[in-house]
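# Coordinate analysis (summary)
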Amino acid sequence: MKHLGTYIIEVLKGDLDSYVPVIHKYEEKISQTFHLYISDKERVEELVMDVFVHVHSKLPEYMDQADNSFDDWFIHKAFHYMMSLIERDNPRRPESKTMEVFFRSLSSKEQEVLILEHIFKLPFSKIGIILGLEQEVVMKISHDAKRDYIHLGISESSAHTCINNNDLFYYVAEGKNKEFIDDHLEFCPACRERLSQIEKQLKSMESYLHPVINGTSYQEKILQNIKPYNKHGRKKKSWKYQLVSVFAIFITCFGFIYFLPQLNEWKTLASNYMSHGEFYNVWDRGTYVAKDKEISLEITNIEVTPLLSRIDYVIETDRELTESYAYTGNHFLVVKPGLVSIKIEENIIPLENISLISTSEDLKKGSLYFDLSEKADAVGHDRFELVLNTSRVGGVFGNWELAVPVEYKKGITETETLELNSSHSVMDTFDILINNLEYSATSNRMEVEIDFTEQEKERILHDYEVYKEKNHLHYFEPPQFNYSYSLVNEKGDAALQFSSNQDIDHYDTDEITVEGMPTTIMEERIFHNYYHDPDSMLATSPMKEGEKLYFQLDDISYTEQIFLNAEFKLEEVERLPLNLEFYGTTLDYATIKTLPEDESRPERYQLKIMGKQPENELLKKFHWSTDPGEENLSDKFYFDSYWEDFSLMDVNDDPNMIFYLEIPVDQALPETLKLQSYWVTYHLPKEYKLKVPLN
């Protein structure tokens, strides 16, 4: 079989059919990846075609590289472009046993590692090259995600002599402690059962990462949207033509050098830099225009700042255009890495994080925002070009490329910084420090630190020591909190976030002290000078110059390990005393009654655990599971809650209802129901507000 790289030589000669083997090899993998995020089959088809069209346009770069592995080059190009087309929302890690919910809660990097490992079948070494990570880091990301998924679905053994789930996972994944665990498994049926459950859990992850698709090939449609490369190349010109050309070039260069002092340099029309050190729209309309497929794309202005830089553009056409969705709204340009690039001589450096805001109702005017500091080496040059390059405008495939010269050091506008050092305690549990707010004509950057209070760290560490001795824990995992905050105005309108950069402390699990507990999060967030709709997340209106801005804490929570047990006979009882307590939250009594059959559910037991949450403290949400000895007992339950592992309902609906569960009676049930809670989540009460003025 021919190596794929040999087909590319034919493709570059104009043979479009030679691109077919590439399509056949990768279309299913690319389609499976999109199906993890998108249920609309037509949208997936459109995106798969877009990926192959994009990579086809980059094929000359493959011939210029030293490494001739086409598969490695293709996956690198296709994967990064593919991920840029996917809108990913990473909520806090849910206590859910379903792989779909768990996968969507993973960070972008965790998702990318799992996709490359399981769908593209790459070793950790190659995944590291594609993602710019060390091989050991990739392996840790993969193993940590799988281990977390196992912990959500499989309870630890209550026997102190049993091997914990963490050690069993690494036994499966890496063969750690193989001899010792093999000997133990021979005489321990409980651990053999949990090992089987872990293997099933990992297989369910593998199965989820290979979604079933219809198997239809996109080959024909992809080829229809690709413009073949020139088949014949350039004809060699005659010696007379070459002589005339050389003479013309000489005259042109001489004239340019002679008249150069009389010109207004290239600044006026090229770098649009003015003596004030700011960028203005000083060029004539029509200076930077690209036209293809009866559509013109024009750059009308550039603004460069140390925070976000901005390119303003206008689209003109009589054709009917199709909108593309991005997290800021619907647009006629597709946001992707490389939409804007830095060009230094012949080197093209694509920018990865780009956002787009349409500024006219017809979507034909808009602005692209990007952070040039992500390519610090590039912007260290005095002069470079900003390149806008897209293969699709309004759903029409073509080629639009524009380059505008920039004098970065002279043209960059200054920012203003407010040093705040504003410290705030949240319910004696969290310390929040707002360090500063930096703002420019395009954006705002806020630097924030969040950590547990010293008092809360002492409590966490004390509880760990108690649980460690009582339950034979082998490692300490400090609780990681989840949080959200906004930059808002007086009315509460929230600014549209561009990006965040977190620095989270790492830790050695052998020895942890209160002073060394690594839970601090230091974060910089960049916000657009635009507000957004909180439901749709779409950009709405621009900020007003000089208006008051505030830091607003929207939510903060964290989950830690506990050990709590409750036991009930499955029979009606009005008020069964429990007398359980956890740091001020009481589990007072249980009520069990029979509910009659209705239109949607059969006759069933209704179980409620009632208690009381302390005032002026974080609300506690316990996460319950059933006795692991009752196999598949969870399949017998109906429950009204967000959590899928029998947690309580939303704490803000009724904070004093600790647990709610419904169990149909028309089935074999145990006489006694045993519930265990291994985790508790602390939440802000709904009425708690923290809003801090910034300017």
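Scroll up for the structure.
Residues numbered from 1 in each chain as written. Predicted model: local features only at pLDDT ≥ 70, side-chain atom pairs only at ≥ 80, totals over all residues. Heavy atoms only, no water.

## Quick notes on the sheet that holds strand β7 (residues 347-350)
Ordered in space as β7-β6-β10-β11, the 4 strands form an open sheet in which the pairing is antiparallel. This sheet does not close on itself; its edge strands, each paired only once, are β7 and β11 (396-407). If you compare each strand with its neighbour and ignore which way they point, the axes differ by 25° on average. By the bridge criterion, 4 bridges tie strand β6 (residues 340-344) to strand β10 (residues 383-393) in an arrangement that is antiparallel. (Pairing = 2+ DSSP bridges. Helix = DSSP H or I, 4+ residues; strand = E, 2+ residues; numbered from the N terminus. Axes fitted to C-alpha atoms, helices over the stretch in contact; angles between N-to-C directions.)

## Examining the packing of aromatic side chains
According to the stated counting rule, one finds 18 aromatic pairs in the structure shown. Relative to Tyr558, the ring of Phe430 lies with its centre 5.7 Å away and its plane at 85°, an arrangement referred to as edge-to-face. Residue Phe430 is located in strand β13 (residues 430-439), and its partner Tyr558 is located in strand β19 (residues 550-569); the two are separated by 128 residues in the primary sequence. Neither Phe430 nor Tyr558 differs from the other in exposure class; each is buried. Between the aromatic rings of Tyr483 and Tyr485, the centroid separation amounts to 6.2 Å while the plane-to-plane angle is 10°, which identifies the pairing as stacked. One aromatic cluster is present, formed by Tyr19, Tyr26, Phe52, Phe70, Trp73 and Phe74 through successive ring pairs. The aromatic ring of Tyr170 is capped on one face by Lys176, whose charged end is 5.0 Å from the ring centroid. Cation over ring: Arg459 sits above Tyr583, and NZ or CZ is 4.8 Å from the ring centre. (Phe/Tyr/Trp six-rings, centres within 6.5 Å; stacked < 30°, edge-to-face > 60°. Buried < 20%, exposed > 50% of the residue type's maximum accessible area, 1.4 Å probe, protein only. Lys NZ or Arg CZ within 6 Å of the ring centre and 35° of its normal.)

## Digging into the sheet that holds strand β1 (residues 289-292)
One open sheet accounts for 5 strands, arranged β1-β2-β3-β9-β8; its pairing is antiparallel. Where the open sheet ends on each side, the last strands, each with one partner, are β1 and β8 (354-358). Here the average twist between neighbouring strands, direction ignored, is 25°. Taken together, the 8 bridges between strand β2 (residues 295-303) and strand β3 (residues 309-317) define a ladder with antiparallel strand orientation. Bridge assignment links Asn301 to a residue of β3, and that residue is Asp312.

## Examining the nonpolar core
Tyr19, Ile30, Phe34, Phe52, Phe74, Phe79 and Phe120 are the most contacted members of the largest nonpolar core, which totals 64 residues. With 9 residues, helix α5 (residues 70-84) is the largest single contributor of residues to this core. Beyond its immediate sequence surroundings of up to four residues, Phe52 is in contact with Tyr19, Val22, Ile23, Tyr26, Glu27, Ile30, Phe74, Ile222 and Ile226. (Core = buried A, V, L, I, M, F, W, Y, C linked by side-chain atoms within 4.5 Å. Contact = heavy atoms within 4.5 Å.)

## Regarding the layout of surface pockets
Space inside the second largest pocket adds up to approximately 1400 Å³. Lining the second largest pocket we find 40 residues, and of these His54, Ser57, Lys58, Glu61 and Asn389 sit closest to its centre. Of all the elements in the fold, those that place two or more residues in the lining of the second largest pocket are α3 (41-57), α4 (59-64), α5, β6, β7, β10 and β11. (1 Å grid on protein atoms, 1.4 Å probe; cavity = no way out; pocket = protein on both sides within 12 Å on 5 of 7 lines; lining within 4 Å. Points joined across faces, edges and corners; volume = space filled by probe spheres on them.)

## Thoughts on the environment of Ile38
For Ile38, the location among the structural elements is in the loop between α2 (20-35) and α3. The spacing of Ile38 and Ile86 is 48 residues in sequence and 8.4 Å in space, taken between C-alpha atoms. Setting aside residues no more than four positions away along its own chain, Ile38 makes contact with Arg43, Val44 and Leu47.

## Observations regarding a negative patch on the surface
Where like charges cluster on the molecular surface, the negative patch consists of Glu572, Glu597, Glu603 and Asp666. Counting through the fold element by element, Glu603 comes out in the loop between β21 (585-595) and β22 (604-612). (Patch = residues over 30% accessible without salt bridge, like charges linked within 9 Å, V, L, I, M, F, W, Y side chains within 5 Å. Areas by Shrake-Rupley, 256 points an atom, 1.4 Å probe, with all protein chains shown as cover. Salt bridge = Lys/Arg side-chain N within 4 Å of Asp/Glu carboxyl O. Lys, Arg positive; Asp, Glu negative; His and termini not counted. Charge placed at Lys NZ, Arg CZ, Asp CG, Glu CD.)

## Thoughts on helix α12 (residues 189-208)
The terminal C-alpha atoms of α12, which comprises 20 residues, lie 29 Å apart, in line with the 28 Å expected from a rise of 1.5 Å per residue. In this structure, the buried residues of α12 make contact with α6 (99-105), α7 (108-118), α9 (135-153), α10 (165-174) and α11 (178-187). (Expected span 1.5 Å × (residues − 1).)

## Comments concerning the pairing of strand β20 (residues 573-582)
Sheet topology places β20 next to β21; 6 bridges connect them, and they run antiparallel. Paired with Leu580 across the bridge in β21 is Leu587. Where β20 folds back onto β21 in an antiparallel hairpin, the turn is made up of 2 residues, including Tyr583, whose phi is positive at roughly 45°.

## As for unusual backbone geometry
Outside of glycine, negative phi angles account for most residues, and trans bonds account for most peptide bonds. The backbone of Asn421 sits at a positive phi, close to 50°, despite the residue not being glycine. Assignment of secondary structure puts Asn421 in strand β12 (residues 416-426). Look at Tyr583: it is not a glycine, yet its phi comes out positive at around 45°.

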